[in-house]
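Chains, contacts and geometry: an overview
Below are the chains, spelled out letter by letter.
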Amino acid sequence: MITAPVSTTPTRTTLYQRSVAHYWDSEHNAVNVALGEIDGLHHHHYGIGEADLTVLDAPEAVREARINTELHRLEQAQADLLADHLGPVTADDWLFDAGCGHGAGSLVAHSRFGCHVDGVTLSPVQQQAATHYAERLGAGEQVTFHTADMLSTGLRTGAYTASWNNESDMYVDLDDLFAEHARLLKRGGRYVAITGVINDLHGMASRSVSRINWHYECDVHKRGAFFKALARHRLAVTTVIDLTHAALPYWRLRERSSHLATGIEADFLAAYQEGSFQYMLIAADRI
Ligand code: GPP
Ligand code: MG
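One structure accompanies this document, and this report is about it.

The rules we used
In this convention, every chain numbers its residues from 1, walking through the sequence in written order. Numbering of ligands from 1 and lettering of chains from A proceed in the order in which they are written. For this predicted model, a pLDDT threshold of at least 70 governs which residues receive local features, and a threshold of 80 or more governs which side-chain atom pairs are given and counted, while totals over whole chains, interfaces and linings are taken from all residues. Working from all heavy atoms in the structure, the side-chain values ignore hydrogens and water. Whether a residue is near a molecule or strand depends on its heavy atoms: if one lies within 4 Å, it is near. Residues adjacent in sequence count toward polar contacts only when both atoms are side-chain atoms; beyond that, a polar contact is any pair of N or O atoms within 3.5 Å, and within protein one must be able to donate a hydrogen and the other to accept it. Only the protein chains shown count as covering a residue, and every accessible area follows the Shrake-Rupley method with a 1.4 Å probe. Here a strand is any run of E in DSSP of at least two residues, a helix any run of H or I of at least four, and the numbering for each starts at the N terminus. For this classification, Asp, Glu, Lys and Arg are treated as charged, while Ala, Val, Leu, Ile, Met, Phe, Trp, Tyr, Cys and Pro are nonpolar and the rest, including Gly, are polar. The rule for pairing is simple: two strands pair if DSSP sees at least two bridges between them. Lines fitted to the C-alpha atoms define the axes, with helices restricted to the stretch that makes contact. Angles between their N-to-C directions range from 0 to 180 degrees. Whether two residues are in contact is decided by their heavy atoms, any of which lying within 4.5 Å being enough. Exposure is judged per residue with a 1.4 Å probe applied to protein chains only, and the accessible area is read against the type maximum: over 50% gives exposed, under 20% gives buried, and values in between give partly exposed. Looking down the strands as they point away from you, a crossover is right-handed if its path from the first strand over the helix to the second goes clockwise. What is meant by a nonpolar core is a set of buried Ala, Val, Leu, Ile, Met, Phe, Trp, Tyr and Cys residues, joined one to another through side-chain atoms within 4.5 Å. A helix is expected to span 1.5 Å multiplied by its residue count minus one. This arc describes the spread of directions from the helix axis toward the C-beta atoms.

**Digging into the site of ligand 1**
Contacts to ligand 1 come from 16 residues, most closely from N29, N32, H44, Y216 and R254. N32 is positioned with one of its side-chain polar atoms (N or O) 2.8 Å from an oxygen atom of ligand 1. Take R254: an N or O atom from its side chain is 2.7 Å from an oxygen atom of ligand 1. For ligand 1, the accessible surface in isolation is 510 Å², of which the surrounding protein chains cover 99%. When residues of the shell around ligand 1 are traced back to their parent elements, those giving at least two are helix 2 (30–39) and helix 7 (207–216). Across the shell around ligand 1, the residue classes break down as nine nonpolar, five polar and two charged.

Here is the structure:
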């Protein structure tokens, strides 16, 4: 088996990165943990598609479980959409998951393609838990998680057929990020992002977007800046899907799920509905 060398300690850790690592080391929101317990796919992103709101009226004894299953289904649909855009991937290929969280995106890709995946997170707690999930699903040989900086991973240059950020680009500088993806990807490889971006037409960060930044200790990018940065790093856009409308049912259901809501739901709904913020899938070819 080919092993992928990786630095175990981020090389240029800033105070901000340490603080982000601390946030994710300590994070244990029920909306993530309880949904992850359903099938070992512990996601750190939101859901898309029509929601079955009748789960809110289920008998009390089963209501929470039905809500969890429905929200998990919508989050799974988002992960599946991302995997749909990774291009042709074979079992011999290597993929890179930048900001892998608890590893669910890597495990989704592995179960679909049988491929190798390297995922990186700044959080040692997430890395250990992700490794545990991979082993439990029998994927520990091919799916490997590393505590590393997504901007300087130490992984092999030109070895990856596809790579992605699923709601993790808002923690890093885009030029540094895309330089690392461009280094890791083979020529003709595919990069995919699902992300929330500021709508340039609206202007700067709205109050709701500023609250989202504060809540997650992140800094979402502007849509225009995202495309310009891709172009600067030999990443030629092939697909753009505005998922903003498709994201609303998830947030409406989550807002009414009192055992799971974290308090950020109204801000996502406001930001999407006022047009200051967009939820997007963006795919690009490494040229
Ligand atoms: C992670 O989801 C969310 C982020 C990494 C940052 C913000 C994303 C944007 C699109 C702005 P999570 O599943 O850990 O969050 P929650 O606990 O709220 O479900
Ligand atoms: Mg979540």
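**Remarks on the sheet that holds strand 3 (residues 143–147)**
Read from one edge to the other, the open sheet built from seven strands follows the order 3-2-1-4-5-7-6, with strand pairing classed as mixed. Only two strands of the sheet have a single partner each, and these edge strands are strand 3 and strand 6 (235–242). Here the strands of the sheet are splayed against their neighbours by 15 degrees on average, with no regard to which way each runs. Here helix 5 (residues 124–136) sits on the sheet in contact with strand 2 (116–121) and strand 3, set at roughly 170 degrees to strand 3.

**Remarks on the pairing of strand 1 (residues 94–98)**
Counting buried positions along strand 1 gives five out of five residues, so the element sits mostly inside the fold. Burial along strand 1 is two-sided: W94, F96 and A98 facing one way and L95 and D97 facing the other are all buried. The sheet contact formed by strand 1 and strand 2 spans five bridges and is parallel. Residue W94 lies in a different strand from strand 2, and its bridge partner there is H116. Following the backbone out of strand 1, through helix 4 (residues 104–113) and into the adjacent parallel strand 2, one traces a crossover that is right-handed. Sheet analysis places strand 1 next to strand 4 (residues 160–166), joined by three bridges and oriented parallel. Its bridge partner being in strand 4, F96 is matched across the sheet by S163.

**Considerations on the nonpolar core**
Ranked by size, the top nonpolar core spans 89 residues in total, and within it L86 and L95 carry the most contacts. Residues in contact with L86, not counting those within four places in the same chain, are L95, A109, F113, A162, S163, W164, R190 and V192.

**So, helix 1 (residues 15–26)**
Counted at 1.5 Å a residue, the expected span for helix 1 with its 12 residues is 16 Å, and the 17 Å between its end C-alpha atoms agrees. Residues Q17, V20, A21, Y23 and W24 constitute the buried set of helix 1. Take helix 1 and look down its axis: the buried residues cluster within an arc of 155 degrees, on one side only. Projecting away from the buried face of helix 1 at angles above 90 degrees are the exposed residues L15, R18 and H22. Buried residues along helix 1 sit in contact with helix 5 and helix 7.

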